[in-house]
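Residue-level listing of the chains:
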Amino acid sequence: MSDKASSTPYFLGVDGGGTGCRARIEDGAGTVLGQGLSGPATTRLGINEAWASISRAFDAAIEEAGLTAADIGSIHAGIGLAGIGRKGALAALKAIEHPFASITFVSDGEGACLGAHSGRDGAIVIAGTGSIGLGLVEGRQLRVGGYGFPISDEGSGAYLGLKAVQLALRAHDGREQKTALLSEILQRFQNDPMEAVAWMDRASATDYATFAPMVLRHADQGDAVARRIVQGAAGHIDTLIRTLFEKGSPRVCLLGGLASPLEPWLAPDVRRSLKPIDGDAVSGAIILARRAICQH
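Bear in mind the structure is a predicted one, so any value in this text is a computation, not a measurement.

A.B. asks: Can you explain the nonpolar core? Please cite residues and give values.
C.D. replies: One finds Leu 160, Ile 185 and Ile 237 to be the most contacted residues of the largest nonpolar core, which totals 50 residues. When residues no more than four places from it in sequence are discounted, the contact partners of Leu 160 are Ala 212, Val 215, Leu 216, Ile 229, Val 230, Ala 233 and Leu 258.

So, in structure tokens, the structure goes:
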């Protein structure tokens with residue numbers, strides 16, 4: 001261990017996602033000393049932009065914790081970052097100069113998985129705009145799905161939106177029963193399929209996912225088509241969860257923006273098999289930071 005890190009160690013966890021970045025500093029006993037927030041941090045924005053966002057979040061946490069320049073040299077940092085699998089991203093991040101005793105990078109999904117199970121073996125299924133199953137079991141990394149919309153991400157918010165728009169166009173033609181959900185979607189496009197075609201040409205997964213709350217609302221109100229779409233999505237999430245168990249995960253958590261609305265639609269055996277998360281992705285990043293001390 002270097003001299004600069006010989007005083008009391010501090011642990012910094014950062015969760016850098018596509019929507020925002022959160023940082024937290026704890027002491028050795030796990031007491032939270034400071035927290036910070038900033039905007040999106042994903043390598044898709046570029047390494048420099050991602051690091052700038054991470055830095056704003058940890059600077060705010062350091063300031064709130066009231067740490068001195070000398071203390072900063074005793075910080076072990078763990079950083080979970082969206083898009084770290086992109087070619088060259090990890091090497092570029094490791095090349096950035098930092099003031100800490102140590103720094104470790106993982107994907108945001110791996111950070112969330114560590115936090116969900118307090119660093120023990122286990123897996124998570126994230127159901128949000130996209131969907132993916134991730135796990136860490138006996139040093140093996142598990143991955144199921146999550147290859148991006150529209151070729152993957154089954155059961156996600158984008159999937160719900162895509163199915164709803166497809167069925168709305170069929171209803172317009174008379175190939176599908178026109179329910180309240182499909183009427184509302186057609187109204188978004190001024191009841192003109194060509195408006196939907198123009199929208200599709202520029203629509204991203206996030207744009208498709210904006211229809212997810214509407215689909216879920218109509219499903220809860222008993223709309224037959226909405227129920228069919230949500231049941232289909234839940235079936236895909238069931239499969240992700242079951243596959244992670246089959247691959248040897250001892251426990252699985254469901255998280256993400258669609259976790260609670262979709263959970264009632266899951267198969268009873270799958271619902272019973274889920275466990276609540278222990279901690280969030282920032283907790284996972286702190287677990288990573290604490291492990292660095294053991295390796296010194």
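A.B. asks: Tell me about the sheet that holds strand E1 (residues 10-16), and please be specific about residues and values.
C.D. replies: Taken in spatial order, the 5 strands of this open sheet run E3-E2-E1-E4-E5, and their pairing is mixed. Either end of the sheet is taken by a strand with one partner, and the two such strands are strand E3 (32-38) and strand E5 (102-107). Taken over all neighbouring pairs, the strand axes of this sheet differ in orientation by 15° on average, direction set aside. Packed on one face of the sheet, helix H13 (residues 281-295) meets E1, strand E2 (21-27), strand E4 (75-81) and E5 and runs near 140° to E1.

A.B. asks: Which residues make up helix H10 (residues 224-246), and what values do they have?
C.D. replies: The terminal C-alpha atoms of H10 lie 33 Å apart, and with 23 residues this matches the ideal 33 Å at 1.5 Å per residue to within 8%. Looking at H10, one finds that the buried residues are Val 225, Ala 226, Ile 229, Val 230, Ala 233, Ala 234, Ile 237, Asp 238, Leu 240, Ile 241, Thr 243 and Leu 244. Where H10 begins, the side chain of Asp 223 points an oxygen toward the backbone nitrogen of Val 225, at a separation of 3.0 Å. Downstream of H10 by a residue or two, Gly 248 has a phi angle that is positive, lying close to 105°.

A.B. asks: I'd like to hear about a nonpolar patch on the surface, residue by residue, with values.
C.D. replies: A cluster of nonpolar side chains, contributed by Met 194, Val 197 and Met 200, occupies part of the molecular surface with about 280 Å² of accessible area. By the secondary structure assignment, Met 200 is in helix H7 (residues 193-202).

A.B. asks: Describe the environment of Arg 188, listing the residues and the values that go with them.
C.D. replies: Its place among the elements puts Arg 188 in helix H6 (residues 180-188). The exposure class assigned to Arg 188 is partly exposed, which follows from its relative accessible area of 46%. Distance in space between the C-alpha atoms of Arg 188 and Gly 85 is 37 Å, their sequence separation being 103 residues. For Arg 188, the contacting residues outside a window of four places in its chain are Phe 211 and Met 214.

Reading the values: rules and limits
- Residues numbered from 1 in each chain as written.
- Predicted model: local features only at pLDDT ≥ 70, side-chain atom pairs only at ≥ 80, totals over all residues.
- Heavy atoms only, no water.
- Core = buried A, V, L, I, M, F, W, Y, C linked by side-chain atoms within 4.5 Å.
- Buried < 20%, exposed > 50% of the residue type's maximum accessible area, 1.4 Å probe, protein only.
- Contact = heavy atoms within 4.5 Å.
- Pairing = 2+ DSSP bridges.
- Helix = DSSP H or I, 4+ residues; strand = E, 2+ residues; numbered from the N terminus.
- Axes fitted to C-alpha atoms, helices over the stretch in contact; angles between N-to-C directions.
- Expected span 1.5 Å × (residues − 1).
- Polar contact = N/O pair within 3.5 Å; in protein donor to acceptor, adjacent residues only side chain to side chain.
- Patch = residues over 30% accessible without salt bridge, like charges linked within 9 Å, V, L, I, M, F, W, Y side chains within 5 Å.
- Areas by Shrake-Rupley, 256 points an atom, 1.4 Å probe, with all protein chains shown as cover.
- Salt bridge = Lys/Arg side-chain N within 4 Å of Asp/Glu carboxyl O.

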